[in-house]
Amino acid sequence: MAMIRLDKFLADMSFGTRTQVKKMIKEKRVSIDGIVVRNAELKVDMNTVVCVDEQEVHYQQYEYYLLYKPMGYLSATEDSCQPTVMELINSVRHDLFPVGRLDKDTTGLLIICNDGQLAHRLMDPDNHVDKRYYFTCEPSLPINAKEILARPIEFADFSSRGGKLEKIDDNSGYLTISEGKYHQVKRMIGFLGCEVTSLKRVSLSFLNLDGLEIGDYRKLTDQEVKRLKDIVNMD
């Protein structure tokens, strides 16, 4: 961790906005290495012992969340007209972002974090990170849908790799892909002559939505983060 300002250190650790943190510092509630400080611009690092109200604060450089995205939210950090998934995460950090995207009308698993390197590698199709989607469609799936989707498909703007289709019935199933191109699942199902009527991402690699209601989120455990990094070969 590089040296950062004291007010940013505390704001990142959810002690309030930068303005609120500066007020705390002026009120002599913050100490560094046992000495009360009143300068919000002081530089600190991971080894600096920072205390608020005599309670030691341990800096966490990265945060990772798993969100059960509801319908109607954009996978974006901000938008002037429509709600975004960031509004569902209770954090004062300003550097969080969604990893990849789910369409506004798509629900399901979405990772929110501030680790750009991990996000890039999870979305890189060369790392073959599986994403599994539940879908419904109209009209009925063709008999040979599984064979068609298992092969690469040429679209006007990209070529998709083959996916794994698990039919539930003639109008629903699961499709697993390792890419995340624009409207990819909808377009692959569309290639069959069907229109997706609902879509939910149910898993990403080993992560799933177990224990979450729609709109809920939880922090990823250290073990889950390590496993994700191992999958995409991050040191």
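That block above? That's the structure.
All of the points below concern the structure found in this document.

Conventions we followed
Residues numbered from 1 in each chain as written. Predicted model: local features only at pLDDT ≥ 70, side-chain atom pairs only at ≥ 80, totals over all residues. Heavy atoms only, no water. Helix = DSSP H or I, 4+ residues; strand = E, 2+ residues; numbered from the N terminus. Buried < 20%, exposed > 50% of the residue type's maximum accessible area, 1.4 Å probe, protein only. Pairing = 2+ DSSP bridges. Core = buried A, V, L, I, M, F, W, Y, C linked by side-chain atoms within 4.5 Å. Contact = heavy atoms within 4.5 Å. Salt bridge = Lys/Arg side-chain N within 4 Å of Asp/Glu carboxyl O. Lys, Arg positive; Asp, Glu negative; His and termini not counted. Polar contact = N/O pair within 3.5 Å; in protein donor to acceptor, adjacent residues only side chain to side chain.

Position of L220 relative to the elements: it lies in the loop between β17 (217-219) and α6 (222-231). L220 gets classed as buried once you look at its relative accessible area, which sits at 9%. Along the primary structure L220 and K8 are separated by 212 residues, whereas in three dimensions their C-alpha atoms are 23 Å apart.

This next bit is on the sheet that holds strand β3 (residues 35-36). If you trace the 4 strands from one edge of the open sheet to the other, you get β3-β2-β5-β6, paired in antiparallel fashion. Strands with a single pairing partner mark the edges of an open sheet, and in this sheet they are β3 and β6 (55-57). Looking at chain direction, strand β5 (residues 50-52) and β6 are connected through 3 bridges and run antiparallel. Within the sheet, the bridge partner assigned to V50 lies in β6 and is V57.

On a regular strand, one side chain projects to one face of the sheet and the next to the other, so that they alternate. Looking at chain direction, strand β13 (residues 164-169) and strand β14 (residues 172-177) are connected through 5 bridges and run antiparallel. In the sheet register, D169 faces β14, and the bridge partner there is S172. Adjacent in sequence and paired antiparallel, β13 and β14 are bridged by 2 residues.

Let's shift gears to the nonpolar core. Ranked by size, the top nonpolar core spans 30 residues in total, and within it I112, F135, L149, L175, I189 and L192 carry the most contacts. Not counting the four nearest positions on each side in its chain, L192 is found in contact with L141, P142, A145, I148 and L149. Core analysis: the next-biggest nonpolar cluster, separate from the first, contains 20 residues, L66, L118, L212 and L228 among them.

A few words now on the pattern of salt bridges. The full count for this structure, using the stated rule, is 17 salt bridges. Taken together, the salt bridges that share partners define one network made up of R5, D7, R18 and E41.

This part is about the side chain of R201. Mapped onto the elements of the fold, R201 is located in strand β15 (residues 195-204). Buried charge R201 goes without a salt bridge, the closest partner of opposite sign being D103 at 9.0 Å. Of note is the side chain of R201, whose polar atom sits 3.2 Å from the side chain of Y133. Other than its neighbours up to four places away in sequence, R201 contacts R101, L102, T107, G108, L109, L110, K131, R132, Y133 and L209.

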